[in-house]
Amino acid sequence: MSTRADGAVAATAAALAAGTLASVAVLGLEPGRGTELVLCAVAVGALVAFDVRADGRLARLSWLVPLLAMLAVADVFWSPSRGVVLQGAVIGALTALMAVGLAVVYRANRIINFAQGDLGAVPAVFVLLLLAGDAPGGAPHWMTGLPYPVAFALGVAAAAFVGFVVERTIINRFSRSPRLVLTVATIGLAQLLTALTLFMPGWFGLDALQIPTLDPPFDATMTVGGVNFDENWVMVMVTVPVVLTLLALFLRYTRTGIAVRAVAERADRASTLGVPIGRVQSTVWVIVAVFAFVTIFLRTGVASFPVGSALGTSVLVPALAAAVIGRMEHFARITAAAVGLGVVEQAIVIDTGRRVEVFPVLFLFVVAGLALNRRRRESRVVDQAVSTWQAAPEMRPIPKQLRRLPEVRWPRLALFAAVGVFVVTLPLWMSNARLTIATATAIIGLVAVSLVVLTGWAGHVSLGQLAFAGIGAATAVYLTQEVRLVFFWALVAAGAVGALVAVAVGLPAVRAGGLTYAVTTLTLTLPVAYWLLNTEYFEWVPRGRFEHEAELFPGVVVDSPRAFYTVSLVALAIAVAAAVAMRRSRTGRLLIALRDNPRGAEAYGVNAIRSTLVGFAFSGFLAAVAGALFVHNQHFVNQNFGFANPFSPEESIRVFAIVVIGGLGSVPGAILGTVYVFFVQYELPYEWRFLATGVGLLLVLLILPGGLGAGLAEGRDGLLRFVARRRGIVVPSLLADRKVEDVPASADLASAVADATERPEIEEIAELQQ
């Protein structure tokens, strides 16, 4: 049978199954559980076959696959009523606006915009304040009480202004920085905008908690399946399709929209053809800000809008999940996936009354979407964009000509000795409270090393690295508290489980490409933090302080802060040594080659998937060991005890930001970033601790766009240049800007050859050729 015929058959089967399931949801039919399971299997199987085989005109309908499959699963397991389905679809439509905005920014800048929600929060709060009447207990403000259309128009204008200012002052500042640095910059931008929303109500004589609710200027209510929908819900049903349609028409038929698409696909090619890149980028961020404003503004009427937390996992993670299912490029599929996820979420919440149970289902949908998605190599959107993606820079080794000089060698040895003596003697003079902080720094440093291997060298961004730490924590706690296994073997077992999970999660993400692994790991943090380590779902999770102390070996109990600091420091030292050895090995060189030029490496016979999965396993092992160390250092799992969850998505993003600030290209840089944040947070005076927040990290990046590690490397290279000039030694990698006539002829050739033979890229090419 031909492919087109197979597609037609699959489409027919999908239509029949989907129609039956739709009648179950819409008409309120209640067939038996066996009938539902059969219908679900037929629907999902037919839809998958249709998505894989459809071509030509039939392929245009494949964007419905995520929506219909999610509706089928929701009907089988939770049986939502028509009203619940519609309620979830409306919430999913708002998520779709957020997801489309994330996809637009990703296509234009190759980053994940963590400030997507906060871009809309500022103008949304502004409009709500304009719609409010007189401030309670104070004089009326001259701008309050405006008509609804006027206030909304001013909100759109304010959103456009915010988007333009953000692009000109921050995004454009990092245009030549690595994409990871710009991603972290959006985290700081999100916190800056959040702080602005907290101050705005005071300008109108209101408190932050007194922001009024949205009151539409029309009356329109409806009841579906026993669920009442007021004017706010109806406005979402009308506005979201109109906004998405206008965006599609703008991108397809206007000259500016075509330019936006061109820059998104190949910015370097568009620049050579005369496309004004700066103007187009400003247009993109204006559009994204307007989208964010509409999303947050409409959300205030149908859901809660806590000021100061627009960057919540309840909004951001489902939007990222929908964007990944839609491959970050197919807006119709993204919208369908967002609506489907909204229906599933609402069905679970209504059926169980617990939103925690949504998290594992959301992760499974993301993994299934990645596994079933075909990676379209013929797509014009290049995942590894030539001009917009830059890998994390590595710290170059000291040139061979200078390495053995006394003025280079002895200061280097003295620095290593000073650092070694400092970290080893900490338990002798530091209090137990500060020593606990030092232990946490070493443990987070272990996670930082794992991120260097995975993101800095392998080139796969992991925003949820603490998910593997949480899995390692759960494994180690079970083995030490229930099985009574010694702590050493519990650490080994936790690392092994973390490595297996990292490989299992990474395999579909590697096949899908792009930043899918980043979103997958971020989604994984939700079930790990709030479901896996929750005593309500797993009885073996300790409800209080651990009953048994960690026994490293038989008879060797780790029961003091000093002992645990020593164990953590030894673990960090072993991890650093293993990572450095891996970087110098053939595996490390292959990871770098696959990061920089995957197609070129595959042309030399390199198995890209196998080599990359080795990096995933190594990284997952280290992160899981760090999680096991962390929970045993704390002596209890923080869930359900009023503490901030150490494995939450917010904390995972914070750790990622810390490592990027230090420098993802080198192990010392990542550890330096960790030490910097902990030192600022716990040692500096209170008025200086903002430097450890997202706003402070943004300021650091504005001063040092490459991070602390890059700044340290530049300082070191400056000293090496001084030594080279003083000695009259020519080092091309350090003195590339020196005039040819100034170079001594006798030293030029020998120095150039000696310097070139130790360049990492030369070694990697030679290794591949062998």
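So, a few notes on the structure that sits alongside this text. Since the structure is predicted, the reported quantities are computational estimates derived from the model, not experimental observations. (Residues numbered from 1 in each chain as written. Predicted model: local features only at pLDDT ≥ 70, side-chain atom pairs only at ≥ 80, totals over all residues. Heavy atoms only, no water.)

Observations regarding the overall build of the protein
Part 1 of the reasoning: Of regular secondary structure, the protein possesses 31 helices and four strands.
Part 2 of the reasoning: Residue pairs at least 24 apart in sequence account for 76% of intrachain contacts in the protein once pairs closer than 6 positions are excluded.
Part 3 of the reasoning: Accessible surface for the protein amounts to roughly 33,800 Å². Of this, 63% is attributable to carbon and sulfur atoms. (Helix = DSSP H or I, 4+ residues; strand = E, 2+ residues; numbered from the N terminus. Contact = heavy atoms within 4.5 Å. Areas by Shrake-Rupley, 256 points an atom, 1.4 Å probe, with all protein chains shown as cover.)

Considering the pattern of salt bridges
Part 1 of the reasoning: Per the counting criterion, the structure on display carries six salt bridges.
Part 2 of the reasoning: Among the ionic pairs, E345 bridges to R355, the shortest N-O distance being 2.9 Å. With a gap of 10 residues between them, E345 in helix α13 (residues 331-352) and R355 in the loop between α13 and α14 (358-372) connect regions that are remote in the sequence.
Part 3 of the reasoning: The partner of E407 in a salt bridge is R726, with the nearest N and O atoms 3.5 Å apart. Placement of the pair is E407 in helix α16 (residues 406-424) and R726 in helix α29 (residues 707-727), with a sequence separation of 319 residues.
Part 4 of the reasoning: The class for E407 is partly exposed, based on a relative accessible area of 28%. (Salt bridge = Lys/Arg side-chain N within 4 Å of Asp/Glu carboxyl O. Buried < 20%, exposed > 50% of the residue type's maximum accessible area, 1.4 Å probe, protein only.)

Some words on the pairing of strand β3 (residues 550-553)
Part 1 of the reasoning: Bridge analysis of β3 against strand β4 (residues 556-558) gives three bridges, and the strand direction is antiparallel. The residue of β4 that forms the bridge with E551 is V557.
Part 2 of the reasoning: Adjacent in sequence and paired antiparallel, β3 and β4 are bridged by two residues, among which G555 carries a positive phi angle near 90°. (Pairing = 2+ DSSP bridges.)

What about the nonpolar core?
Part 1 of the reasoning: Counting 197 residues, the largest nonpolar core has L629 and F647 as its most contacted members.
Part 2 of the reasoning: Per element, the largest residue contribution to this core is 16 residues, and it comes from helix α4 (residues 82-109).
Part 3 of the reasoning: Residue contacts for L629: discarding those within four places in its chain leaves I443, L446, F487, L491, F564, V567, S568 and A571.
Part 4 of the reasoning: Grouped together as the second largest cluster of nonpolar side chains are nine residues, I398, L720, V723 and A724 included. (Core = buried A, V, L, I, M, F, W, Y, C linked by side-chain atoms within 4.5 Å.)

Focus on helix α18 (residues 432-457)
What sets the pattern is the α-helix's 3.6 residues per turn: residues three or four places apart point alike.
Part 1 of the reasoning: With 26 residues, α18 should cover 38 Å at 1.5 Å per step; its first-to-last C-alpha distance of 36 Å lies within 8% of that length.
Part 2 of the reasoning: When the local axis directions of α18 are compared, the greatest deviation, roughly 30°, occurs at L451.
Part 3 of the reasoning: Within α18, 21 of the 26 residues are buried, which leaves it mostly tucked inside the rest of the structure. (Expected span 1.5 Å × (residues − 1). Bend = angle between axes of the 7 residues up to and from the residue.)

Concerning the environment of A623
Part 1 of the reasoning: With respect to the helices, strands and loops of the structure, A623 is situated in helix α25 (residues 608-634).
Part 2 of the reasoning: Separated by 154 residues in the primary sequence, A623 and A469 place their C-alpha atoms 4.9 Å from one another.
Part 3 of the reasoning: When neighbours within four sequence positions are excluded, A623 is seen to be in contact with S450, Q465, F468 and A469.

Here we look at the packing of aromatic side chains
Part 1 of the reasoning: Under the definition given, this model contains 14 aromatic pairs.
Part 2 of the reasoning: For the pair F229 and W233, a centre-to-centre distance of 5.6 Å together with 80° between the ring planes defines the contact as edge-to-face. The burial state of F229 is the same as that of W233; both residues are buried.
Part 3 of the reasoning: Taking the centre distance of 6.2 Å and the plane angle of 75° together, the rings of F630 and F647 count as edge-to-face. Pair noted here: F630 is in helix α25 and F647 is in the loop between α25 and α26 (649-662), with a separation of 17 residues, a long-range link.
Part 4 of the reasoning: You can call F630 buried: its relative accessible area is 17%.
Part 5 of the reasoning: Linked through ring pairs, F152, F293 and F297 together constitute an aromatic cluster.
Part 6 of the reasoning: Note that R110 overlies the ring of Y106, its terminal NZ or CZ placed 5.0 Å from the centroid.
Part 7 of the reasoning: The side chain of R409 reaches across the aromatic face of W410, ending 5.9 Å from its centre. (Phe/Tyr/Trp six-rings, centres within 6.5 Å; stacked < 30°, edge-to-face > 60°. Lys NZ or Arg CZ within 6 Å of the ring centre and 35° of its normal.)

Details of helix α21 (residues 516-532)
Part 1 of the reasoning: The end-to-end C-alpha separation of α21 is 23 Å, in line with the 24 Å expected for 17 residues at 1.5 Å each.
Part 2 of the reasoning: Among the 17 residues in α21, 15 count as buried, and that is most of the element.

Regarding the packing of α4 against α13
Helix-helix packing is described using two parameters, namely the angle between the two axes and the distance between the axes.
Part 1 of the reasoning: Close contact between α4 and α13 brings their axes to 6 Å; oriented N to C, the two are set at 140°. In terms of orientation, α4 and α13 fall into the oblique class. Seen along the crossing, α4 lies across α13 with a hand that is right-handed.
Part 2 of the reasoning: Taken together, the residues of the contact of α4 with α13 sort by class into 17 nonpolar, seven polar and one charged. (Axes fitted to C-alpha atoms, helices over the stretch in contact; angles between N-to-C directions. Parallel < 35°, antiparallel > 145°, perpendicular 65-115°, else oblique. Left-handed = near helix turned anticlockwise from the far one by under 90°. Nonpolar A, V, L, I, M, F, W, Y, C, P; charged D, E, K, R; others polar.)

Examining a nonpolar patch on the surface
Part 1 of the reasoning: Residues Y478, V483, L485, F488, W489, V492, F553 and V556 make up a contiguous nonpolar surface patch of roughly 680 Å² in combined accessible area.
Part 2 of the reasoning: Looking at the nonpolar patch, the element that brings in the most residues is helix α20 (residues 487-512), giving three residues.
Part 3 of the reasoning: With respect to the helices and strands, the residue V556 is situated in strand β4.
Part 4 of the reasoning: For V556, a relative accessible area of 40% gives the class partly exposed. (Patch = residues over 30% accessible without salt bridge, like charges linked within 9 Å, V, L, I, M, F, W, Y side chains within 5 Å.)

Let's talk about unusual backbone geometry
Part 1 of the reasoning: Unusually for a residue other than glycine, R327 sits at a positive phi of about 60°.
Part 2 of the reasoning: With respect to the element layout, R327 can be found in the loop between α12 (313-325) and α13.
Part 3 of the reasoning: For R327, a relative accessible area of 17% puts it in the buried group.

Describing the environment of L719
Part 1 of the reasoning: Position of L719 among the secondary structure elements: in helix α29.
Part 2 of the reasoning: With a relative accessible area of 59%, L719 lands in the exposed category.
Part 3 of the reasoning: For the pair L719 and V408, spaced 311 residues apart in sequence, the C-alpha to C-alpha distance is 9.1 Å.

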